[in-house]
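# Architecture and fold: a report
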Amino acid sequence: MASSLTKDSVTPGTPGSEKTFFGHPRGLATLFMTEMWERFSYYGMRALLPLYLVAPGGLHLSAATATAIYSVYVSLVYLLALPGGWFADRVLGPRKTVAVAGTIIMVGHLTLALPTSGTFFAGLGLVAIGSGLLKANISTMVGHLYNGPDDPRRDGGFTLFYIGINLGAFAAPLIIGTVGESVNWHLGFALAALGMALGLVQYLLGSRHLNARSSHVPTPLSAEEKTATLRKSAMWAAVAVVFYAIVGFSGHYTLNWLLVPITVAGLIIPIMVIGRIKRDKELDRVEQSRMSAYIWFFIAAAVFWMIYDQGGSTLSIFATTSAKNSILGWNFPVSWYQSVNPVMIMALAPVFAWLWLALNRRGKEPSTAVKFASGLLLIGASFFLFLAPLAIADGGHKAAAMWLVAIYFVQTVGELTVSPVGLSVTTKMAPTKYASQMMGVWFLAVTAGDATTALLSIAGVDLNKTGIVALEAALAAIAGVAVWMYRKKVKELMGDVH
């Protein structure tokens, strides 16, 4: 990694004399490495999660219950990104918040590593809390490295940052997945804790390269606000404890008492948050217009992630029973499918970064709306493709592994037109008042998508059935056409943001 750092041969202190990371600010290397290790821990555990939930040696749950738990967990991770952004804006600032987040994530993975089922959901909760604190703020700090929303390096910087995410995501299933599936589930979770520990150490050592804005608390809480916040938090915590104690001691508790409230919250809270920001009279006319445009991107992203995130649940569970998990006679663990997407991201992300810049120089770069429409059409196409291995399995045969690889490939191309672009446009369009929180709002689109999947699973819908898969594919295609048709209106609402 050190070889990628260059130093211009000019007098120190002059513009351009600082070390760079592939032509980007040096702080990007710190955030790149931190996110790489955090994603190593997160995706390693996530690759094991649905398999552990259905395995006879794990919790041995049904596929529908496992999908519901997986989707609720992922939904919760992204839901907590919003209070994570609020915590940075009002209490610690992004830089310190990320350090706290890394510690909580590490403890969560260590809790998952304990060989008792009683601590399993507590560990998931801790990882979700830590991930929520980290996600919005580390992306916001990437935005801080650039000279405003019009810096031409900005989209490329987020794409490089995305490579860091996928380096960790690629290695995690190969290492953590193999150990978890082949040796011991809880040892795999322990390796995830080690990965987060390495990321935390690297972050603390390299944080001096971050922009000074990352240490700033934009709107600190007053003493009165702190007291009121603590009082309200304690009250709601007490209500939850009393409620679940009554349900538990009365003998009525089932897992749905936990899953359903989180799922409903994952659908309602995004709507409430977007509505509250849109109604805020402190936003000026330009910010209001941008928020109107942002709603289009938010809905499009929710549909996209609803299908995309099933690559780790619906497709993975399908592979455990209905796919030939071998290539040229070489068998591999099911969790390895989760490395297909990140390795493709690493291969294609530099191409997309170069393509956007090249088209931008010629004045031909597609608008954000067109990029999103393309992503929706591609994610829909991936599930139309999924119909083929489903048909093979329905015929009593096992589908070839390359069918799943092809699905992940189409999803990857779609992801590159939505995810890094969405991260970038969120930082560009965020109202000043909601700096870090807007990145949390972007992640609420993932929450809404995964909460929809969880709700379907809780309702007993089999997501590996041809009719449901075809319906989801058609929904994405229709949404993509709608965004494309209204692209000029959306561009007009965005104003001077490109």
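Residues numbered from 1 in each chain as written. Predicted model: local features only at pLDDT ≥ 70, side-chain atom pairs only at ≥ 80, totals over all residues. Heavy atoms only, no water.

## Re the environment of Val-286
Along the chain, Val-286 turns up in helix H10 (residues 285-308). When its relative accessible area of 38% is taken as the criterion, Val-286 is described as partly exposed. Between the alpha carbons of Val-286 and Leu-230 there is a distance of 35 Å; along the sequence they are 56 residues apart. (Helix = DSSP H or I, 4+ residues; strand = E, 2+ residues; numbered from the N terminus. Buried < 20%, exposed > 50% of the residue type's maximum accessible area, 1.4 Å probe, protein only.)

## Overview of a nonpolar patch on the surface
The grouping of Leu-377, Val-481, Trp-484, Met-485 and Tyr-486 at the surface amounts to a nonpolar patch, some 520 Å² of accessible area in total. The element that contributes the greatest number of residues to the nonpolar patch is helix H16 (residues 466-485), accounting for three residues. Position of Tyr-486 relative to the elements: it lies in the loop between H16 and helix H17 (487-494). (Patch = residues over 30% accessible without salt bridge, like charges linked within 9 Å, V, L, I, M, F, W, Y side chains within 5 Å. Areas by Shrake-Rupley, 256 points an atom, 1.4 Å probe, with all protein chains shown as cover. Salt bridge = Lys/Arg side-chain N within 4 Å of Asp/Glu carboxyl O.)

## A look at the nonpolar core
Most often, soluble globular proteins have nonpolar side chains that are buried together. Judged by nonpolar contacts, the single largest core of 136 residues is most densely connected at Leu-31, Met-45, Tyr-73, Tyr-337, Leu-404, Val-441 and Trp-442. The leading source of residues in this core is helix H1 (residues 27-54), at 15 residues. (Core = buried A, V, L, I, M, F, W, Y, C linked by side-chain atoms within 4.5 Å.)

## Describing H10
Taking 1.5 Å of rise per residue, 24 residues should cover 34 Å, and H10 covers 35 Å from first to last C-alpha, within 8% of that figure. With a side-chain oxygen positioned 3.2 Å from the backbone nitrogen of Val-286, the residue opening H10 is Asp-284. (Expected span 1.5 Å × (residues − 1). Polar contact = N/O pair within 3.5 Å; in protein donor to acceptor, adjacent residues only side chain to side chain.)

## Re the confidence of the model for the chain
The predicted structure's coordinates, where accompanied by low pLDDT, should not be read in detail. Per-residue confidence for the chain gives a mean pLDDT of 87; residues scoring 70 or more make up 95%. Note that pLDDT drops below 50 for residues 1-17; the model gives that stretch 21 contacts with residues more than four away or on any other chain. (pLDDT = per-residue confidence, 0-100. Contact = heavy atoms within 4.5 Å.)

## Structural notes on the packing of aromatic side chains
In total, this model carries 24 aromatic pairs according to the counting rule given. Ring centres 5.1 Å apart and planes at 85° place the aromatic pair Tyr-42 and Tyr-43 in the edge-to-face group. Among the aromatic residues, those joined into a ring-pair cluster are Tyr-52, Phe-120, Phe-121, Trp-185 and Phe-189. If you follow Lys-135 out to its NZ or CZ, it ends over the ring of Phe-443, 5.1 Å from the centre. The cationic tip of Arg-487 hangs over the ring face of Trp-484; the distance from NZ or CZ to the ring centre is 3.9 Å. (Phe/Tyr/Trp six-rings, centres within 6.5 Å; stacked < 30°, edge-to-face > 60°. Lys NZ or Arg CZ within 6 Å of the ring centre and 35° of its normal.)

## A look at the pattern of salt bridges
Tallied over the entire structure, the rule returns six salt bridges. The closest approach of N and O atoms between Lys-433 and Asp-280, which form a salt bridge, is 2.8 Å. Residue Lys-433 is found in the loop between helix H14 (401-429) and helix H15 (435-458), and its partner Asp-280 is found in the loop between helix H9 (256-279) and H10; the two are separated by 153 residues along the sequence. Ionic pairing is found between Glu-365 and Lys-371, a salt bridge with its closest N-O pair at 2.6 Å. A relative accessible area of 25% means that Glu-365 is categorised as partly exposed. One salt-bridge network, held together by shared partners, links Asp-280, Glu-282 and Lys-433.

## Here we look at the environment of Thr-219
Examined against the element boundaries, Thr-219 turns out to sit in the loop between helix H7 (185-206) and helix H8 (223-249). A relative accessible area of 38% means that Thr-219 is categorised as partly exposed. Taking C-alpha positions, Thr-219 is 38 Å from Gly-480, a pair spaced 261 residues apart along the chain. Residues within four places of Thr-219 in sequence aside, it is in contact with Asp-89 and Arg-90.

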